[in-house]
Amino acid sequence: MKVKQCLVIGLGRFGTAVATTLYELGHEVVAVDIEEEHVQAVTNLVTHAAILDATDERALRSIGAGDFDEVVIAIGTDIRANILATMGAKGLGATHVVCKATDEISARVLEKIGADEVIRPEHDMGVRVAQRLAGVKRKDAPDLGGNISIVEIEVNERLRGTLKELNLSNRFGVQVIAINRAGKVEVTPRADELLRPHDLLVVVGDNHAIDALRRFSGE
Ligand code: ADP
């Protein structure tokens, strides 16, 4: 496992959970908050904890906010602070900034100013719970590490023909390892297998390749 350098800004319930879990999983975690008591609460649970105002660009620069593999901005309520911290981190060159938002408008603003990922914990968890209760199967299988995933992609009019004709391994760099046809799973399908609408292709590949295939299929 590659040990990641992570910066977590904002140590409320969400930020604290992110910071301490990343640390437990073996990553290097710098955790900062403007409130001393929030910082103190995690001192022994992360690599380094510090008091810092994330709206102050110089302060962000002084901790090298642009050099972390992951920056998580977990300031929910104070959207102004969240925006400034996001702009600051991106401006310093941070490659992957994940922001927490409390509502849809804030989420859109954060995306616009360059957040690489925006999550709305309560909203997203609500959707997940509803999907689970309704029996919807998640399309994403766990990440296999090294950016490799196994996912299901539904066959539609853009994915017609046989596996051989589709030639997904050469065109996208992904491998079809099974076909789920109305719940009946065929492992190692034949190259001349004719795909039917609504078949689910179980595909393994690099996340970028899977994204490209998803865009192609219009998912
Ligand atoms: P949660 O719902 O996860 O508890 P909050 O939005 O309530 O999230 O918590 C945000 C955290 O961010 C708080 O601990 C707060 O002190 C911290 N915070 C707010 N503004 C700043 C800032 N400018 N710089 C650093 N941390 C901040």
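Each remark here, short or long, concerns the structure printed above.
My aim in this report is to walk through the structure given alongside it, one point at a time. No experiment lies behind these values; they were computed from the predicted model shown.

1. Quick look at helix 9 (residues 207-217)
- Where helix 9 is concerned, the buried positions are Asn207, Ala209, Ile210, Leu213, Arg214 and Ser217. End-on, the buried residues of helix 9 take up no more than an arc of 160°, which puts them together on one face. Exposed positions of helix 9 whose direction lies more than 90 degrees from the buried face are His208 and Arg215.
- The N-terminus of helix 9 is capped by Asp206, whose side-chain oxygen sits 2.9 Å from the backbone nitrogen of His208.

2. A look at the environment of Arg132
- Within the secondary structure layout, Arg132 lies in helix 6 (residues 121-133).
- In sequence terms Arg132 and Ile105 are 27 residues apart; their C-alpha atoms lie 26 Å from each other.

3. Quick look at the packing of aromatic side chains
- Taken as a whole, this structure holds one aromatic pair when the rule is applied.
- Relative to Phe216, the ring of Phe172 lies with its centre 5.4 Å away and its plane at 50°, an arrangement referred to as tilted. Taken together, the positions of Phe172 in helix 8 (residues 168-172) and Phe216 in helix 9 put the pair 44 residues apart, joining distant regions of the chain.
- Among the residues examined, Phe172 registers a relative accessible area of 16% and is labelled buried.
- Residue placement shows Arg171 over the ring face of Phe216; its charged tip is 5.0 Å from the ring centre.

Thresholds, definitions, all that
Residues numbered from 1 in each chain as written. Predicted model: local features only at pLDDT ≥ 70, side-chain atom pairs only at ≥ 80, totals over all residues. Heavy atoms only, no water. Buried < 20%, exposed > 50% of the residue type's maximum accessible area, 1.4 Å probe, protein only. Helix = DSSP H or I, 4+ residues; strand = E, 2+ residues; numbered from the N terminus. Arc of directions from axis to C-beta. Polar contact = N/O pair within 3.5 Å; in protein donor to acceptor, adjacent residues only side chain to side chain. Phe/Tyr/Trp six-rings, centres within 6.5 Å; stacked < 30°, edge-to-face > 60°. Lys NZ or Arg CZ within 6 Å of the ring centre and 35° of its normal.

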